[in-house]
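Remarks on the overall topology
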Amino acid sequence: MMKKSISASKASLVLFLCQMISALDVPLDSKLLEELSQPPTITQQSPKDYIVDPRENIVIQCEAKGKPPPSFSWTRNGTHFDIDKDAQVTMKPNSGTLVINIMNGGKAEAYEGVYQCTARNERGAAISNNIVIRPSRSPLWTKEKLEPNHVREGDSLVLHCRPPVGLPPPIIFWMDNAFQRLPQSERVSQGLNGDLYFSNVQPEDTREDYICYARFNHTQTIQQKQPISVKVFSMDSLNDTIAANLSDTDIYGAKPVTERQPILLTPTGSTSTKVELRGNVLLLECIAAGLPTPVIRWIKEGGELPANRTFFENFKKTLKIIDVSEADSGNYKCIARNILGSAHHVISVTVKAAPYWITAPRNLVLSPGEDGTLICRANGNPKPNISWLANGVPIAIAPEDPSRKVDGDTIIFSHVQERSSAVYQCNASNEYGYLLANAFVNVLAEPPRILTPANKLYQVIADSPALLDCAYFGSPKPEIEWFKGVKGSILRGDEYVFHDNGTLEIPVAQKDSTGTYTCVARNELGKIQNEVRLEVKDPTMIIKQPEYKVIQRYGQVSFECIIKHDFTLLPTVIWLKDNDELPDDERFLVGKDNLTIMNVTDKDDGTYTCIVNTTLDSVSASAVLTVVAAPPTPAIIYARPNPPFDLELTGQLERSVELSWIPGDENNSPITNFVIEYEDGLHEPGVWHYQTEVPGTQTTVQLKLSPYVNYSFRVIAVNEIGRSQPSEPSEQYLTKSANPDENPSNVQGIGSEPDNLVITWESLKGFQSNGPGLQYKVSWRQKDVDDEWTSVIVANVSKYIVSGTPTFVPYEIKVQALNDLGYAPEPSEVIGHSGEDLPMVAPGNVQVHVINSTLAKVHWDPVPLKSVRGHLQGYKVYYWKVQSLSRRSRRHVEKKILTFRGNKTFGMLPGLEPFSSYKLNVRVVNGKGEGPASPDKVFKTPEGVPSSPSFLKITNPTLDSLTLEWGSPTHPNGVLTSYILKFQPINNTHELGPLVEIRIPANESSLILKNLNYSTRYKFYFNAQTSVGSGSQITEEAVTIMDEAMASRQVDIATQGWFIGLMCAVALLILILLIVCFIRRNKGGKYPVKEKEDAHADPEIQPMKEDDGTFGEYSDAEDHKPLKKGSRTPSDRTVKKEDSDDSLVDYGEGVNGQFNEDGSFIGQYSGKKEKEPAEGNESSEAPSPVNAMNSFV
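Residues numbered from 1 in each chain as written. Predicted model: local features only at pLDDT ≥ 70, side-chain atom pairs only at ≥ 80, totals over all residues. Heavy atoms only, no water.

Some words on the overall build of the chain
Basically, it comes down to this: Counting from the N terminus, the helices are DSSP H or I runs at least four residues long and the strands are E runs at least two residues long. Accessible area is worked out with a 1.4 Å probe on protein chains only. A residue is then buried under 20% of its type maximum, exposed over 50%, and partly exposed in between. We call two residues contacting when some pair of their heavy atoms lies within 4.5 Å. Using the Shrake-Rupley algorithm and a 1.4 Å probe, accessible areas are obtained, with residue cover drawn only from the displayed protein chains.
On a plain count of helices and strands, the chain comes out with eight helices and 88 strands. Every one of the 1193 residues in the chain was classed for burial, and the buried ones make up 42%. Counting contacts in the chain only where the partners sit at least 6 residues apart, residues at least 24 apart contribute 66% of the total. With the model as given, the accessible surface of the chain reaches about 63,200 Å², and the carbon-plus-sulfur share is 51%.

Put into structure tokens, the structure is as follows:
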């Protein structure tokens, strides 16, 4: 049991003590505040850096309070902002908040600037922060031409995003054409600058839709960069392709992917610096290249990373420290490591600090003649400068106040007067920001006021404290006196406590303390009094408390709680169980003085508390209820059944017997079924086999038996708990022998040599023999020959070999079981074959049809099946390159083999080299091997297009000429007819000029280009031609030089009068032409877009050529739109399925490489082809798919 008493008057004591006045406080009394004069106070304002949506109205907040209500004015960029002269700007009523109407014609850019609000009344002026208004910007991407990225497998790669500069900066993310985020990992990740970094590229990185997106949250727009193409060259596939096309691997070789130790992609160098502001988030980044992918680790030199504030992001490539302070300054080292080594970078971090408050100035309310101080203390790095303003004006030029003295960060007031009321501003600033605080000095001369209601009634419990309130205000601060009764004497002595806030405390109130008390407040301006009444009540008590109870389960228990209380107070009684509400159960009955619990259960066990509350006090008492069990009853035990017993065999017959048994105890869980098992003591002693099972209600079963088995049986009982132990075995019963019931299975006949036949089968198991002396009768005869069966009886084995057979002839075979009592039923016959031998005849009439320069079709006549001398597996075509017709040089012969399954008589030979001489032969294949080869067949492939020239060098630049040197193609694929050179100038804005084309004889290896413009960059496109067409091109750029003397002459000419006059005439002529064009266009003239496109077309963007059937590439003017559908020839010049009537089954299974359905090698070598740029710039400004993209970001 426990008892406690709580007095409500103690809470009142804490409240009043918290309101104790130091110097002069203005109580938060609404009526008083309405009557007192007060300088303005800024209550709400817009943020210092205010970025607005240029499509919506601009609302600049400025709210303030004061008595009388303040008026508002604004400055813009340091000068007065007259809102009455701007129809787009309005100020809200009774407020300083500005509304700039943008949605009805205004432009946000016109209102960009620094705004400051001033709230003013007769007591002073408060000012807001400088509010910088800037409209958000989401510019489009700058125009740029993106070249495809060709990267070797294992190399590093950086895809630059370079988003447009917006306000605020955009959020960057990478996605594909399907608006799906690109997966990132330790190997591939996005940097803090938005670039996409590849520590090492893999073949799966090949794709054409790496797209950088910039999301501008303020305007809810998303800008898209043009897609970036990445092609990764796999060294394994490139080597396989080269090996498949070139038998001489010394001509061209590709190095395998090599592992590399880490190098840092960002930041560069060995050290860097970083400055961050106190309280911000510090982000440090290290991204490394290397193979295997490096792992990043961070340390702080000479210290530990701060606990609970350090986080690792972007697969530990980014170190994030939140809420940084000056203690976080220091050197941070990132270490990139893989199995080959490591690289590191040290970032020197300096934490600076914008100003932050140590002591902000607080409002000061003084009486005339009093002293006071305003203190403004701030810290920062560097140390902030403190400056003071009075009513928004620098204090140095503000009206003088003899009671005021400025001492650095403190203003000292001495003997103030009412005219000293003002609002002071403290500005703490350094290079990283500023703080501005308003604090007013309000000098008031007010007679005393008592704020406590008259005749207020206080009630307390005897022997507890009584607190009588006398809230007051006056300036100067009034003196307070207390009296008991209307004409009583002033209260003094130790039995009373007088608090500074006017409260009278009677520490121990007694019954005789009841009565009327008078509070008097006076100062030099007047006097006022107020009366309150005190009543002292008798305490509430529990005179009979609940007692500890022990009750049996399902019994009844009652707790008593009898109370005594002051007759003027109305008590309420609450019962709790374990300090919580009683269960919502009708078994709990709450009476006036008791709690009764019916039909007690175990969950009723616990502590029950009676709580008595009045408006002034509260008491409680508790008791414990213990529930015990009723006299115990035996528990029910559930277990597996006991094993059956007394097994008995009756009705023994040759093929059946009856088994009976007596069930064991089921152990409170009914038996569901019985399982019968048997043991064959003759063939497998000690091994028990499943025989059958019967329902749990059955105790006898008729069992089917096999001959020549020595049976024993046992029974297992099963219930829901599990299986019983097996019963004791029954007596043994040996069944009589009989003929076998079945013959061996899986009989086969396959020859292992050209002159034998191997007959195999699966033997019968022991109890399948049905008797002793198990043997097998093996019989065979040649099929389709009038011949008798040959038979032999063998012991209990599973194989017999027949020798001296003809080569590969069919045989009928059968195997019959027998024992001492006789034979099994007649077996079925199977067909087998004697052994195979190598084929005798080669395929005849071999013909070759050349389809194109890389594909041929071979035909042959089938070999007669008798000559195959075995199972026909298919045909093998051996082919090899004899020589290249362009070089007339022989090389080492490397034969290639294609296998065509089954009885096919034709096949496709893909991956041939153009303009070459080949030989081939065909052989038939059976299970023994290959037959003789057909006579070699010679065929030649026609010419193809050449590969790109091996190199292009540009040397000896002069004022107007360049020298070009080149190497012939590595793979001419025919007789070169000429070289094609195309070139065009590039200006300073990367725009391309007109394209010039020159045809050069095939025997030339250099050319001097003359009559070029001086100091001009040119782009060259160079490729070789055969009679079939043009090959892949290579590109190069070069610049002609500029002579210094000529440059000086240009400067001199530009200063001549005749030259200036000439330029003015040209400008006037151009202006006239523009006016004429404008008039023609307005009259309906058509702009010749098609003619312009035809005149300046990209040499690569051409319709299909009639001579070679190839296609040019077509690109839509908007790079963001998908390519229009149409026929295309693949870049590797493979043959599409529609180019040939042969399907995939026409191609052999190559042992030297894999082939596509069209016959081309997978990964076949093809020269790089760079797209030539067309004149003019394509727009790089992508639309903003806001609706489509918001769900993905």
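Still more to cover.
Quick notes on the pattern of salt bridges
Pairing between side chains of opposite charge can happen when their charged atoms approach one another. Defined as follows: Should a side-chain nitrogen of Lys or Arg be within 4 Å of a carboxyl oxygen of Asp or Glu, the pair is scored as a salt bridge.
Per the counting criterion, the structure on display carries 34 salt bridges. As a salt-bridge pair, arginine 522 and glutamate 481 come within 2.7 Å of each other at their nearest N and O atoms. Here arginine 522, found in strand β46 (residues 515-523), pairs with glutamate 481, found in strand β43 (residues 479-484); they are 41 residues apart in sequence, far enough to count as distant. Under the relative-accessibility criterion, arginine 522 is labelled partly exposed at 29%. The partner of arginine 923 in a salt bridge is glutamate 930, and the shortest N-O contact between them spans 3.7 Å. Using a relative accessible area of 19% as the deciding quantity, one classes arginine 923 as buried. A single salt-bridge network, built from bridges that share partners, covers Asp176, Arg207 and Asp209.

Notes on the environment of arginine 337
Along the polypeptide, arginine 337 turns up in strand β28 (residues 330-338). Overall, arginine 337 belongs to the partly exposed group, its relative accessible area being 45%. For the pair formed by arginine 337 and isoleucine 296, sequence separation is 41 residues and the distance between their alpha carbons is 6.6 Å. Setting aside chain neighbours within four positions, we find arginine 337 in contact with Pro262, Pro294, Val295 and Ser342.

Things to note about the sheet that holds strand β61 (residues 684-695)
Note the cut-off: DSSP calls a pair of strands paired once it identifies at least 2 bridges connecting them.
Ordered in space as β61-β60-β63-β64, the four strands form an open sheet in which the pairing is antiparallel. This sheet does not close on itself; its edge strands, each paired only once, are β61 and β64 (733-734). Where strand β63 (residues 710-719) and β64 come together, two bridges link them in antiparallel fashion. Note on β64: the bridge partner recorded for tyrosine 711 is tyrosine 733.

As for the sheet that holds strand β59 (residues 656-662)
Just so we agree on the cut-off: Convention adopted: a line fitted to C-alpha atoms gives each axis, helices being fitted over their contacting stretch, and angles between N-to-C directions are expressed from 0 to 180 degrees.
Within the open sheet, the three strands sit side by side as β58-β59-β62. Their pairing is antiparallel. Strands at the two margins of the open sheet, each flanked by one partner only, are β58 (645-650) and β62 (700-704). Across the sheet, the mean angle from the axis of one strand to that of its neighbour is 25 degrees, orientation sign disregarded. Here five bridges tie β59 to β62, and the two strands are oriented antiparallel to one another. Bridge assignment links valine 657 to a residue of β62, and that residue is leucine 703.

Describing the state of the cysteines
Applicable threshold: In plain terms, two cysteine sulfur atoms within 2.5 Å form what is called a disulfide here.
Counted according to the given criterion, the structure contains six disulfides. Through a disulfide, cysteine 470 is tied to cysteine 519; the S-S separation comes to 1.8 Å. Every disulfide takes its handedness from the sign of the S-S torsion; for cysteine 470 and cysteine 519 that torsion is -65 degrees, giving left-handed. Note that cysteine 470 is positioned in the loop between β41 (466-468) and β42 (472-475) and cysteine 519 in strand β46, a separation of 49 residues in sequence. Taking relative accessible area as the criterion, cysteine 470 reaches 1% and is therefore assigned buried. Judged by its relative accessible area of 1%, cysteine 519 is buried. Covalent S-S linkage joins cysteine 561 and cysteine 610, the inter-sulfur distance amounting to 2.0 Å. Because the torsion about its S-S bond is -70 degrees, the bridge between cysteine 561 and cysteine 610 counts as left-handed. Taken together, the residues cysteine 561 in the loop between β50 (557-560) and β51 (562-564) and cysteine 610 in strand β56 (residues 606-613) connect sequence positions 49 residues apart. Using a relative accessible area of 0% as the deciding quantity, one classes cysteine 610 as buried.

Focus: unusual backbone geometry
Cis geometry marks the peptide bond from leucine 167 to proline 168; its omega dihedral reads -10 degrees. Turning to its location among the elements, proline 168 is positioned in the loop between β14 (157-159) and β15 (171-175). In this structure, proline 292 follows leucine 291 across a cis peptide bond, with omega equal to 5 degrees. The residue proline 292 is located in the loop between β24 (287-291) and β25 (295-300) in this model. The phi torsion at asparagine 94 lies on the positive side, around 55 degrees, for a residue other than glycine.

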